[in-house]
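Examining the three-dimensional arrangement
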Amino acid sequence: MGVDANTPFDIPDVPAVDSVHFVTESVDSLIAAAVRNRPELATARAQSAAAQSQIRVAHSAGLPALAFGVTGATNASNSPSFAGQTYAITLGVQMPVFTGFSTQFDEQTAKDQYQAALARAVATKQQVIQQVFNAYYTLRTSTDRVRTSRDLLASATQSETVARERYREGVGSIVDLLIAQNALALARSQEIDARWQWRTALAQLAHDVGVLNARGETTFTNLTPLPDVRPGR
């Protein structure tokens, strides 16, 4: 028994227009890029530098300081000898007044705040490293899944073609054709989902490395991507 070429069992093709690109850089290179690019790390470093400067400010408050000043005045007099501009220059040394060890306390507080800022910077860096590490290997796993899903789709497509031809020639049953078409539809769904998961993983890695721009582009131009990585290539 045969069927018309426009049989309702035809399944429309879903083209895979996006090819799998994979970052060729090692995870260490991506981590180094993240350390340079991530804004929270830059903020943590700036806070550490600011806290360190406060130590110098607190320490200088307990040291003697030079004092220099210039004053000017205009003298009005009927005598030309006393009329005109006068200037005075002062130079001296300012000694800090004992304040009950508050200066030493302020300096120690500044040192403690600096150590706390350093600890936060280290913790932030470790968090970024862990994020990049996880995202990198998630992308590798997603890439393998795309390749596997495309192999499965190719096999299901071939099986559906064979079942369709057997049905048209009258040597295959409608049940066999329906089973093959159901398997093909499932394989297509899995391949589409695998591509979606791969793009999500790539976006996450781009975010964690700090190269995801405001438009959501996930290109790794500066990280040397392969032009095309597909199953069988």
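Residues numbered from 1 in each chain as written. Predicted model: local features only at pLDDT ≥ 70, side-chain atom pairs only at ≥ 80, totals over all residues. Heavy atoms only, no water.

**Notes on the overall build of the protein**
Quick reminder of the rule: The secondary structure listing takes helices from DSSP runs of H or I that are at least 4 residues long and strands from runs of E that are at least 2 residues long, numbered from the N terminus. Burial classes: relative accessible area under 20% of the type maximum marks a residue as buried, over 50% as exposed, and values in between as partly exposed (1.4 Å probe, protein chains only). All accessible-area figures derive from a Shrake-Rupley calculation using a 1.4 Å probe, and residue coverage is judged against the displayed protein chains alone.
Within the protein one finds four helices and two strands. Listed by position from the N terminus, the elements making up the protein come as α-α-β-β-α-α. Among the 233 residues that make up the protein, the fraction classed as buried is 27%. Carbon and sulfur atoms make up 58% of the accessible area of the protein, which totals about 15,000 Å².

**Quick word on the pattern of salt bridges**
Short version of the rule: The rule for a salt bridge is simple: a side-chain nitrogen of Lys or Arg has to be within 4 Å of a carboxyl oxygen of Asp or Glu.
One pass over the full model with this rule turns up seven salt bridges. Of the charged contacts, one joins Arg-147 and Asp-144 as a salt bridge, the two residues approaching to 3.7 Å between their closest N and O atoms. Taken together, the residues Arg-147 and Asp-144, both in helix α3 (residues 102-168) and three residues apart, mark about one turn of the helix. Among the residues examined, Asp-144 registers a relative accessible area of 44% and is labelled partly exposed. In this structure, Arg-145 engages Asp-193 in a salt bridge whose closest nitrogen and oxygen atoms are separated by 2.6 Å. Highlighted residues: Arg-145 in helix α3 and Asp-193 in helix α4 (residues 174-209), separated in sequence by 48 residues. One continuous salt-bridge network, built from bridges that share partners, spans Arg-150, Glu-191 and Arg-195.

**A word on the packing of helix α1 (residues 27-37) against α4**
Rule in force here: Only the stretch in contact is used when fitting a helix axis, every axis being a line fitted to C-alpha atoms; angles between N-to-C directions are given from 0 to 180 degrees. Reported orientations rely on four angle classes, namely roughly parallel under 35 degrees, roughly antiparallel over 145, roughly perpendicular from 65 to 115, and oblique for the rest. In this description, contact between two residues means that some pair of their heavy atoms is separated by no more than 4.5 Å. Under the scheme applied here, ten amino acids are nonpolar (Ala, Val, Leu, Ile, Met, Phe, Trp, Tyr, Cys and Pro), four are charged (Asp, Glu, Lys and Arg), and all others, including Gly, are polar.
In the contact formed by α1 and α4, the axes pass within 7 Å of each other and the chain directions differ by 55°. Classified by the angle between their axes, α1 and α4 sit oblique to one another. Of α4, the residues touching α1 (which contributes Leu-30, Ala-33, Ala-34 and Asn-37) are Leu-205, Asp-208 and Val-209. For the contact of α1 with α4, a count of residues per class yields five nonpolar, one polar and one charged.

**With respect to the environment of Gln-130**
The residue Gln-130 is located in helix α3 in this model. On the basis of relative accessibility, which here comes to 43%, the residue Gln-130 falls in the partly exposed class. Taking the C-alpha atoms as reference points, Gln-130 and Asp-208, 78 residues apart in sequence, are found 9.5 Å from one another.

**Looking at the side chain of Ser-142**
The topology assignment puts Ser-142 in helix α3. Taking relative accessible area as the criterion, Ser-142 reaches 11% and is therefore assigned buried.

**Digging into the confidence of the model for the protein**
The criterion, for reference: pLDDT gives the predictor's per-residue confidence on a scale running from 0 to 100.
Across the protein, the average pLDDT comes to 76, with 61% of residues at or above 70. Ranking the elements of the protein by mean pLDDT puts strand β1 (residues 65-75) last with 60 and α4 first with 91. Long-range and interchain partners of residues 1-9, a stretch whose pLDDT sits below 50, account for 20 contacts in this model, where long-range means more than four residues apart. Long-range and interchain partners of residues 224-233, a stretch whose pLDDT sits below 50, account for 19 contacts in this model, where long-range means more than four residues apart.

**Considering the environment of Arg-140**
Secondary-structure assignment places Arg-140 in helix α3. We classify Arg-140 as partly exposed; its relative accessible area is 37%. Spatially, the C-alpha atoms of Arg-140 and Ala-201 are 8.9 Å apart, while their sequence positions differ by 61 residues.

**A closer look at the environment of Arg-164**
Here Arg-164 lies in helix α3. Considered as a pair, Arg-164 and Ile-174 are 10 residues apart in the sequence and their alpha carbons are 8.9 Å apart.

**Brief notes about the side chain of Thr-124**
Its place among the elements puts Thr-124 in helix α3. Exposure remark for Thr-124: the relative accessible area of 19% places this residue in the buried category. Not counting the four nearest positions on each side in its chain, Thr-124 is found in contact with Glu-40 and Leu-41.

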